[in-house]
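If you want the building blocks of each chain, they are given just below.
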Amino acid sequence: MKVLKFGGTSVANAQNIKLVLEIVKQNSKQDKLVVVVSALSKVTDLLQLAAAKAAANDESFREIVAEIEKKHLDTLKELIPVSEQSSLLSHVKRIINHLETLLDGCFLLGELSPRTEDTILSFGELLSSYIIAQAYQQIDKNVVYKDSRELIKTNSNFGKAVVNFEISNQLIQEYFAENESNINILPGFIALTLDGITTTLGRGGSDYTAAIIAGALDASQLEIWTDVNGMFTANPKIVKQAQPIANISYQEAMELSHFGAKVLYPPTIQPVLRKNIPILIKNTFEPEAEGTLITDQVSSKDTVVKGISHIDNISLITLEGSGMIGVAGSSRRLFEVLSQEKINVIFITQASSEHSICIGILNSDADNAEAAINRAFEVEILQNKIDPCIVEKDLCIIALVGENMKNHQGLSGRMFSTLGKNNVNIRAIAQGASERNISTVINERDVKKALNTLHENFFEENTKQLNLFVMGVGNVGEKFIEQIHNQRKFLKENLKINVRVIALSNSRKMLFDEDGISLKEWQADLDKGEPANAAAFIERAKELNLRNSIFVDITANASVSETYENFLKQSIAVVTCNKIACSSAYDNYKKLKNLSRQYNAPFLFETNVGAGLPIIDTVKNLIASGDKVHKIQAVLSGSLNFIFNNFDKNNSFHDVVKEAGVQGFTEPDPKIDLSGIDVARKILILIRESGYEMDIDAIENESFLPADCLATTNNEDFFASLTKHASHFENIYEEALAKDSRLKYVAQFENGKASVGLQFIPKEHPFYNLEGKDNIVLFYTDRYVDQPLLIKGAGAGAAVTASGIFADVIRIGNN
């Protein structure tokens, strides 16, 4: 048996309820179901407001009742055929009349007791569960509506009643033992005292109802259906790159929920936690999404940090003074005062000197807490033994959570370093002995910056390595080594970075030197090296196990790109200008990114797009700061731009392509550039780095090459085909002249679709005046709406590409 709970947004209206009914229908094919539902969205708030207004002798409570009645009647009418509505509408109206009678009583008496308020609030779940049960009967008559008040018994602590589990478990087990229906639908949140008086179960009450029933029945699983795809690595409204968490432990889930993840309210899951019943968080509006499975299992393969959460609206209260040192009971007195005032303490830290104790509470409780604490320690304050408590408002608690954090050193330092480098001041720190949670208090204004920065550091790239293993020393590789040689002194003196090249390899030879290869005579030394062997190269890098190791791939070789996984698993960073890995199957791209995070090894590929232009880094900064990319337009091939800028009546297409190769603008196989595959790879990488999932075959590639050219298998045949089809290319040029346009090979992304192809660009377009081998990229984002963010500059050439690779290496050194 499974227990399914649907929250308020899932049953907000008839349209949403239809989705719920379909989910229940599909699940009922495999399991017997208990379905627990919340009140329709916002109805509990309306009931609370109506009760408060009635008690305040405000006649407008009747308008609220009318609104509640209309909401439920409209929902019922949309779900139930007209022929069967009459009796059901009458039943709903009778419930509403009962509600209005209770509110009339509050109005006449001018008061609202906790007991009466609980009864009034119960109407939300009673109405929703009745309507949903009746709607499902239109699908399957074998469904039973059961009032959960008959099964769950509590004390009379109205507002947050305490469950009598002994009696409740017995009643639940007896009822379901006798009930043969495949589906039972129950209201959440509500219960009864043993005297038959309605109570409510407090915050998260419907979750609690579902958990109580699941625990009593030893259910196979508790499913909580809401409006998000499970628990996320951070709040996706603040961190747009936040990712759903597929699996998480009970303890991790409770830590994240305590610190602001709204999917669960920790106390409500205790009944299933005791029984080790799995909890699955699912999205009603995207039921095919994987969701988050919460169990008692902690996988050693899991990421070290599971999530980053936060609590807003925090005040920090500090009590300090010499009169606290060595005095037993000071902490007890402080917490006793807060308990008497019913103030919940969220955060605690105390100096080992006993000179001070610091607590975090909600802003709304701060003034009351300050007054109460100062009263309680009035004598000590007058004697100057203790200072009046210090209150700092408008703060936020940020917490790193992960069961595996206790097995990894340096996480606290990494967290504090990351925040410090981004000018986020830490006001207080707390970490439990379990090491499952590291919490810090910061200014509320810094929360977005802090969450995005930490998320980028722990769930995206982080950079740090500086012993280089370089594979590929052709045009670009030669320039890269030259730049390192020329800048070594500057880097050492100004950035405190000592770059050493430990290994070099080309297709024939490879050279290793643990103390660093001399860059004066490196070519001669490489020629004397041992035969090149990719597997041996990787193995030697592993064996050396040097601190701050970076594998630098300056090839266009697919087999080399397949070695990245091996390096990353050894905590060796990867810097590459080779586009193949990042434009390969999405799963492989994600795997490499995940390995980079898992092993704290940076994976950087700035030169994959735009050579030395800071395009990918800009995208990352946009996303990290909370922006979202909606549209990209770009000319991403410096070689193609050079070709079409120089192709005219006086220069044949064949000759211009040849010249582009001589100048080092094209790939060794120029067909890669001219076929559009290189541009497709580049736009794909930008799309993925912008947070979208896509594969290369989803990009529409409108090739301008004749099929004859595309079918060639070597460079000689390819250039011969360009000569053979010279008239084809001349016709394209003539058409551009006739349209008063210039030819540009354009990549585009918008509304989830991408394409690359040759376009005729008119004079007024930003791409028209793009000269030489330049690239240009336009980003349209949440912030850059009318005027896009534009990046423009040289997008091809050995020197600029080498400088881009070098910049990635420096990034690692600077972090």
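So, a few notes on the structure that sits alongside this text. (Residues numbered from 1 in each chain as written. Predicted model: local features only at pLDDT ≥ 70, side-chain atom pairs only at ≥ 80, totals over all residues. Heavy atoms only, no water.)

Overview of the overall build of the protein
Thinking step 1. For the protein, the count of helices and strands is 29 helices and 30 strands.
Thinking step 2. By its C-alpha atoms, the protein is 95 × 80 × 50 Å across when sized along the principal axes.
Thinking step 3. When burial is assessed residue by residue, the protein has 54% of its 815 residues classed as buried.
Thinking step 4. For the protein, contacts bridging at least 24 residues in sequence account for 72% of all contacts bridging at least 6.
Thinking step 5. Taken as two groups, the 82 positive and 102 negative side-chain charges of the protein have centres that lie 2 Å from each other. (Helix = DSSP H or I, 4+ residues; strand = E, 2+ residues; numbered from the N terminus. Buried < 20%, exposed > 50% of the residue type's maximum accessible area, 1.4 Å probe, protein only. Contact = heavy atoms within 4.5 Å. Lys, Arg positive; Asp, Glu negative; His and termini not counted. Charge placed at Lys NZ, Arg CZ, Asp CG, Glu CD.)

Quick look at the pairing of strand β14 (residues 356–362)
It is a general feature of regular strands that their side chains alternate between the two faces of the sheet.
Thinking step 1. The buried count for β14 comes to 6 of 7 residues, which makes it a mostly enclosed element.
Thinking step 2. Sheet topology places strand β12 (residues 307–320) next to β14; 7 bridges connect them, and they run antiparallel. Bridge pairing in β14 links I314 to L362.
Thinking step 3. In this structure, strand β13 (residues 347–350) lies alongside β14, joined through 4 bridges in antiparallel fashion. Paired with F347 across the two strands is G360, which belongs to β14. (Pairing = 2+ DSSP bridges.)

So, the environment of R375
Thinking step 1. As for its placement among the helices and strands, R375 is situated in helix α11 (residues 363–376).
Thinking step 2. For R375, a relative accessible area of 51% puts it in the exposed group.
Thinking step 3. In this structure, the C-alpha to C-alpha distance between R375 and A214, residues 161 residues apart in sequence, is 47 Å.

With respect to the side chain of D808
Thinking step 1. Looking at the element boundaries, D808 is found in helix α29 (residues 798–813).
Thinking step 2. A distance of 3.0 Å separates the side chain of D808 from the backbone nitrogen of E606, its partner in a polar contact.
Thinking step 3. Setting aside its immediate chain neighbours within four residues, D808 contacts V575, L604, F605, E606 and T607. (Polar contact = N/O pair within 3.5 Å; in protein donor to acceptor, adjacent residues only side chain to side chain.)

Description of the packing of helix α1 (residues 14–27) against helix α3 (residues 61–79)
Thinking step 1. Interaxial distance between α1 and α3 falls to 9 Å at its minimum, and their mutual angle equals 50°. Classed by the angle they form, the pair α1 and α3 counts as oblique. The handedness of the crossing between α1 and α3 is right-handed. Together, A14, Q15, I17 and K18 of α1 and T75, E78 and L79 of α3 make up the contact between the two elements. (Axes fitted to C-alpha atoms, helices over the stretch in contact; angles between N-to-C directions. Parallel < 35°, antiparallel > 145°, perpendicular 65-115°, else oblique. Left-handed = near helix turned anticlockwise from the far one by under 90°.)

Regarding the pattern of salt bridges
Thinking step 1. One pass over the structure, following the stated rule, counts 36 salt bridges.
Thinking step 2. D74 is the salt-bridge partner of K70, the closest N and O atoms lying 2.7 Å from each other. Placement of the pair is K70 and D74 together in helix α3, with a separation of 4 residues, close to one helical turn.
Thinking step 3. Classification of D74 by relative accessible area gives partly exposed; the value is 34%.
Thinking step 4. D678 is the partner of K579 in a salt bridge, and the nearest nitrogen-oxygen pair spans 3.2 Å. One end of the pair, K579, is in the loop between β23 (573–576) and α20 (586–598); the other, D678, is in helix α25 (residues 677–689), and 99 residues separate them in sequence. (Salt bridge = Lys/Arg side-chain N within 4 Å of Asp/Glu carboxyl O.)

Thoughts on the sheet that holds strand β22 (residues 549–553)
Thinking step 1. A sheet is described by the order of its strands in space; here 7 strands give the open sequence β21-β20-β19-β18-β22-β23-β24, paired in mixed fashion. Where the open sheet ends on each side, the last strands, each with one partner, are β21 (530–531) and β24 (603–604).
Thinking step 2. Against the sheet, helix α17 (residues 534–544) contacts β18 (467–471), β19 (500–505), β20 (509–512), β21 and β22, and its axis sits at roughly 5° relative to β20.
Thinking step 3. Here α29 sits on the sheet in contact with β18, β22, β23 and β24, set at roughly 155° to β23.

Observations regarding the packing of aromatic side chains
Aromatic ring pairs are described here by two measures, namely the spacing of the ring centres and the angle between the planes.
Thinking step 1. Evaluated as defined, the whole model comprises 24 aromatic pairs.
Thinking step 2. Geometrically, the ring pair formed by Y130 and Y145 is edge-to-face, given 6.4 Å between the ring centres and 90° between the ring planes. Taken together, the residues span a long stretch of sequence, with Y130 in helix α5 (residues 114–136) and Y145 in strand β3 (residues 143–145) at a distance of 15 residues.
Thinking step 3. Ring geometry for F644 versus F653: centroids 5.9 Å apart, planes at 45°, classification tilted. Side by side, F644 and F653 carry an identical accessibility label, which is buried. (Phe/Tyr/Trp six-rings, centres within 6.5 Å; stacked < 30°, edge-to-face > 60°.)

So, the packing of helix α6 (residues 165–178) against helix α7 (residues 205–217)
Thinking step 1. Between α6 and α7, whose axes approach to 9 Å, the crossing angle comes to 70°. Classified by the angle between their axes, α6 and α7 sit roughly perpendicular to one another. Note on element contacts: α7 touches α6 through Y208, I212, I213, A216 and L217, opposite F165, N169, I172, Q173 and F176.
Thinking step 2. Each residue belonging to the contact of α6 with α7 can be placed in one class, and the counts come to 8 nonpolar, 2 polar and no charged. (Nonpolar A, V, L, I, M, F, W, Y, C, P; charged D, E, K, R; others polar.)

Side note on the sheet that holds strand β9 (residues 247–249)
Thinking step 1. In space, the 8 strands of this open sheet follow the order β3-β5-β2-β1-β8-β10-β11-β9, with mixed pairing throughout. The outermost strands of the open sheet, each flanked by one partner alone, are β3 and β9. Geometrically, the sheet is characterised by an average inter-axis angle of 20° between neighbouring strands, direction not taken into account.
Thinking step 2. Where strand β2 (residues 33–37) and strand β5 (residues 183–187) come together, 5 bridges link them in parallel fashion. By the bridge assignment, V34 is partnered in β5 with N184.
Thinking step 3. The strands touched by α7 are β1 (2–6), β2, β5 and β8 (221–226); relative to β2, the strand with the most contacts, the crossing angle is about 160°.

Some points on the nonpolar core
Side chains of nonpolar character tend, in soluble globular proteins, to be buried together.
Thinking step 1. If you look at the biggest cluster of nonpolar residues, it comprises 80 residues, and the most contacted ones within it are F469, F551, F653, L686, F704 and F779.
Thinking step 2. When residues in this core are grouped by element, the largest group, 7 residues, is from α25.
Thinking step 3. For F704, the contacting residues outside a window of four places in its chain are L640, F644, F653, L674, H728, F729, I732, Y745 and L758.
Thinking step 4. Core analysis: the next-biggest nonpolar cluster, separate from the first, contains 54 residues, I64, I80, L126 and I131 among them. (Core = buried A, V, L, I, M, F, W, Y, C linked by side-chain atoms within 4.5 Å.)

Considerations on α6
Along an α-helix, residues three or four apart share an orientation, since each turn contains 3.6 residues.
Thinking step 1. With 14 residues, α6 extends 20 Å from end C-alpha to end C-alpha; this agrees with the ideal 20 Å at 1.5 Å per step.
Thinking step 2. The complete set of buried residues in α6 reads S168, I172, Y175 and F176. Looking down the long axis of α6, one finds its buried residues gathered within 90° of arc, a one-sided arrangement. Those residues of α6 that are exposed and aimed more than 90 degrees away from the buried face are E166, A177 and E178. (Expected span 1.5 Å × (residues − 1). Arc of directions from axis to C-beta.)

Thoughts on the environment of A711
Thinking step 1. Structurally, A711 can be placed in the loop between α26 (707–710) and α27 (715–724).
Thinking step 2. Note: C-alpha distance between A711 and S721 (10 residues apart in sequence) is 9.6 Å.

Observations concerning the pairing of β5
Thinking step 1. For β5, a buried count of 5 out of 5 residues is recorded, marking the element as mostly surrounded by other parts of the structure.
Thinking step 2. Residues of β5 alternate between two faces, with I183, I185 and P187 on one and N184 and L186 on the opposite face, all of them buried.
Thinking step 3. The pairing of β3 with β5 spans 3 bridges and is classified as parallel. Note that in β5 the partner of V143 across the bridge is I183.

Observations concerning unusual backbone geometry
Thinking step 1. At D218, a residue that is not glycine, the phi angle is positive and equals roughly 50°.
Thinking step 2. Mapped onto the secondary structure, D218 falls in the loop between α7 and β8.
Thinking step 3. Unusually for a residue other than glycine, D740 sits at a positive phi of about 55°.
Thinking step 4. Mapped onto the elements, D740 comes out in the loop between α28 (726–738) and β27 (742–750).

Points about α7
Thinking step 1. Across its 13 residues, α7 extends 18 Å between first and last C-alpha, which sits within 8% of the 18 Å expected from 1.5 Å per residue.
Thinking step 2. Judged by how many residues are buried, α7 sits mostly within the fold: 12 of 13 residues are covered.
Thinking step 3. For α7, the complete set of buried residues consists of G205, S206, D207, Y208, T209, A210, A211, I212, I213, A214, G215 and A216.
Thinking step 4. Positioned one or two residues after α7, D218 has a phi angle of 50°, which is positive.

Thoughts on the state of the cysteines
Thinking step 1. Following the criterion strictly, the structure yields 0 disulfides and no others.
Thinking step 2. No disulfide involves C358; its sulfur sits 11 Å from that of C389, the nearest cysteine.
Thinking step 3. With no disulfide partner, C396 has as its closest neighbouring cysteine sulfur the one in C358, 14 Å distant. (Disulfide = S-S within 2.5 Å.)

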